[in-house]
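A closer look at the structure
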Amino acid sequence: MLLKILPLAKNILKKYIKAILVILGVLLVLVIGANYYAKLQLKKALSELSAKNDFSYETLDINVLLGKVSIDNVNFKSKSFELESPSIKVKGFGYWSYITSKDISVSTLQIDAPKLKVIKGAEKDTVTSTKNQSFEGDVSIGNIKTSNGYLDVINEGDEKNISIKLSNINLKSFKTSQEILKNVLPFHYESLSGSLDSVYVKMNFYQDLKVQSIKIEDNNFNVNNLSITPKYERAEFQNVIPYEKDLITLNVPELKLNNLKIDTLNDKLSLKTPSIVVVNADCNIYRDKTHTDDVRIKPMYSEMLRNLNFGLDINALQLQSSKLVYEERAEGTKKIGKVLLENLNATIKDINNTSKNDGGKLTTANISTNFMGTSQLNVNWQFDINNLNDTFNIKGEAKQVSADAMNMFFVPAVNVKAIGTLNELYFNYSGDKNDALGDMRIDYSTFKVEVLRKDGSSKNRLLSGIVNLFLDNNEKDGRVTKQDVSVTRDKTKSFWNYFWLCIRNGALQSLTKS
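Residues numbered from 1 in each chain as written. Predicted model: local features only at pLDDT ≥ 70, side-chain atom pairs only at ≥ 80, totals over all residues. Heavy atoms only, no water.

Below, the discussion takes up the overall build of the protein chain. For the protein chain, the count of helices and strands is seven helices and 23 strands. The 514 residues of the protein chain split such that 39% are buried. (Helix = DSSP H or I, 4+ residues; strand = E, 2+ residues; numbered from the N terminus. Buried < 20%, exposed > 50% of the residue type's maximum accessible area, 1.4 Å probe, protein only.)

This is how it looks when you write it as structure tokens:
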């Protein structure tokens, strides 16, 4: 019985193997045919791309079975965009989804050593227009990876506006479609990781922004050594500006943006983060008041944030252990007045211009700093970004403000020398973009002023005597409170000039006789 079964089984197995071999052969032919067809179709698509733009490549390899495509030595140029790469690889191409629904699905897109160039202000390319897209379905890519690349943004005169070294980038869960392409940000993504180096941004004609490196992990950005540097020295700067401008120098060793999301909201680019942390920032602001005044209307901070051309939603901005120096050269003198804020710490909450109907939610800033090296200054400031009248409240207190500290600014800036100490200064002002009203309380010790001669070298006894006649401080020590101090804003000046007028008017009305 067994002897009869074995030859039969052998015969069946032989036929089975032959059938498998035939099927494998057919599949091999199909794969080869599919490879050939796919390669032919891709070459056709690339030829169409070449007809509209300057595009070339050396070799094209396709493996339909593994869903792989590789293109070597790619060069692409259009009116607004250029790309060079020694190798572009696609892994995990979903042929079935493309055949059945025209959707493009890719596991990984790897672009090696890309050199990207964006030409700012150039005509819009037909290749990037939504009316000329060669795909009909959705596009999804699991990971877009680059390494050892460069990105340059230039104007049409070939001047570099932005330059970034793309050490490595991994954009996860990239998605786009005909509808998404209409947005300001023409794609969606889940997370961004990687590292950028040697970042350069031309801010304007006068200043540049540079960053040593940016490390990114799942949308968390760690920025190292950010700086804003002037292109001119102070004297030279005055010769190139049309009117008074701040010359800003800024160094930030460490800046963190946590879970930063970039998207499109209300037809504008939107930036959203739960927190930004700035550590050890060092900022110097210099202004020469001998220059021509800039008489344009200056917006309040709430208006500036409200009218940004992008959405901004920051839950909390923290400034830690930082320093701010404001220097001002007044008219008729070569001396420079100085305001110094050290160990500056601040928490600013709810910086949001994307919620138009949020029930009047306020942006709040709590600030503490060492003022002029001797005094502790605490300030609480709040305003409503969505309020068209730009309402605000600012209150605070300074303790132990010495005459030496005040004179660092008073002597060079207003040719006045203070004598004595302000033991405590308390202020509370509420207002809008037009006027403010508030209270001030001053606790002082032997406070007097000396009006200096024009050269600042000696006391003008006559003017000093007249001024001190009006000071209401005959006693050695005193405390005065002044309520309903009114201030009218000079709209050609900044908010900080407005704040200074509040302090100045309050001090004058508190310390002078009725």
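Having put the structure on the table, let's press on.
Counting residues in each nonpolar core, the largest one holds 81 residues, and the members touching the most others are Phe392, Ile394 and Phe427. When residues of this core are assigned to their parent elements, the largest contribution, six residues, is made by helix α7 (residues 495-511). Here Phe392 is in contact with Met300, Trp381, Gln382, Phe383, Tyr429, Ser430, Gly431, Asp432, Ala436, Phe495 and Tyr498, once residues within four sequence places are set aside. Judged by nonpolar contacts, the second largest core, of six residues, contains Tyr206, Phe237, Ile241 and Tyr286. (Core = buried A, V, L, I, M, F, W, Y, C linked by side-chain atoms within 4.5 Å. Contact = heavy atoms within 4.5 Å.)

Another point: the confidence of the model for the protein chain. Overall, the predicted model of the protein chain reaches an average pLDDT of 81, with 75% of residues at or above 70. Predicted confidence for residues 1-10 stays below pLDDT 50, and this span has zero contacts to residues more than four positions away or in other chains. Ignoring residues within four places in sequence, the model shows residues 458-467, a span with pLDDT below 50, making 16 contacts including any to other chains. (pLDDT = per-residue confidence, 0-100.)

With that settled, the discussion passes to the packing of aromatic side chains. In the structure shown here, the tally under the stated rule is 18 aromatic pairs. Relative to Tyr189, the ring of Phe187 has its centre 6.3 Å away and its plane inclined at 50°; by these criteria the two rings are tilted. Owing to a relative accessible area of 21%, Phe187 belongs among the partly exposed residues under this scheme. Both rings, one in Tyr206 and one in Phe237, keep their centres 5.6 Å apart while their planes meet at 85°; by these two values the pair is edge-to-face. Linking Tyr206 in the loop between β9 (191-202) and β10 (207-217) with Phe237 in helix α3 (residues 234-240), this pair joins segments that are 31 residues apart in sequence. A single burial state applies to Tyr206 and to Phe237, both of which are buried. Taken together, the ring pairs in this structure connect Tyr301, Trp381, Phe383, Phe392, Phe427, Phe495, Trp496, Tyr498 and Phe499 into an aromatic cluster. (Phe/Tyr/Trp six-rings, centres within 6.5 Å; stacked < 30°, edge-to-face > 60°.)

Enumeration over the complete set of coordinates arrives at 14 salt bridges. Taken together, the salt bridges that share partners define one network made up of Glu244, Asp246, Arg287 and Lys289. (Salt bridge = Lys/Arg side-chain N within 4 Å of Asp/Glu carboxyl O.)

Further remarks concern empty space enclosed by the protein. In this structure the tally under the stated criterion is one cavity of 30 Å³ or more. Its volume calculated, the largest cavity comes out at about 50 Å³. Residue lining of the largest cavity: Met300, Tyr301, Ser302, Trp381, Phe383, Asp390, Thr391, Phe392 and Phe495, and that is the complete set. Counted by class, the lining of the largest cavity contains six nonpolar, two polar and one charged residues. (1 Å grid on protein atoms, 1.4 Å probe; cavity = no way out; pocket = protein on both sides within 12 Å on 5 of 7 lines; lining within 4 Å. Points joined across faces, edges and corners; volume = space filled by probe spheres on them. Nonpolar A, V, L, I, M, F, W, Y, C, P; charged D, E, K, R; others polar.)

Where a strand is regular, its side chains alternate between the two sheet faces. Judged from the eight bridges that link them, strand β3 (residues 68-77) and strand β4 (residues 81-91) form a sheet pairing that is antiparallel. Pairing of Ile71 across the sheet is with Ile88, part of β4. With antiparallel pairing between neighbouring strands as the criterion, β3 and β4 make up a hairpin whose turn holds three residues. Of the strand pairs in this sheet, β4 and strand β6 (residues 115-120) are connected by four bridges, and their pairing is antiparallel. When the sheet's bridge partners are listed, Glu84 is paired in β6 with Lys115. (Pairing = 2+ DSSP bridges.)

With that settled, the discussion passes to the environment of Asn370. Locating Asn370 in the fold gives a position in strand β18 (residues 363-371). Take Asn370: its relative accessible area is 23%, and that puts it in the partly exposed class. Those residues in contact with Asn370, other than ones at most four positions away along the chain, are Leu340, Leu341, Glu342, Asn343 and Ser375.

With that settled, consider unusual backbone geometry. Only a minority of non-glycine residues have a phi that is not negative, and only a minority of peptide bonds are not trans. One non-glycine residue, Asn148, adopts positive backbone phi at about 55°. Summarising the element assignment, Asn148 is placed in strand β7 (residues 139-155). Residue Asn148 is classed as exposed on the basis of its relative accessible area, which comes to 52%. With phi around 75°, Asn219 is a residue other than glycine that occupies positive phi space. Among the residues examined, Asn219 registers a relative accessible area of 2% and is labelled buried.

Here we take up a nonpolar patch on the surface. Taken together, the side chains of Tyr301, Met304 and Trp496 present a nonpolar region at the surface, about 270 Å² in accessible area. Residue position: Tyr301 is located in helix α4 (residues 301-306). Classification of Tyr301 by relative accessible area gives partly exposed; the value is 32%. (Patch = residues over 30% accessible without salt bridge, like charges linked within 9 Å, V, L, I, M, F, W, Y side chains within 5 Å. Areas by Shrake-Rupley, 256 points an atom, 1.4 Å probe, with all protein chains shown as cover.)

Taken together, the five bridges between β4 and strand β5 (residues 104-112) define a ladder with antiparallel strand orientation. Bridging across to β5, Ser87 finds its partner in Asp112. The pairing of β5 with β7 spans eight bridges and is classified as parallel. Within β7, the residue paired with Val106 across the bridge is Ile141.

A few words on the environment of Val339. Mapped onto the elements, Val339 comes out in strand β17 (residues 336-352). Sequence separation of Val339 and Tyr326 is 13 residues, and the distance between their C-alpha atoms is 5.1 Å.

Of note, Ser167 is situated in strand β8 (residues 160-176). Residue Ser167 is classed as buried on the basis of its relative accessible area, which comes to 15%. Once residues lying within four places of it in the same chain are set aside, the contact partners of Ser167 are Thr146, Ser147, Asn148, Ser195 and Asp197.

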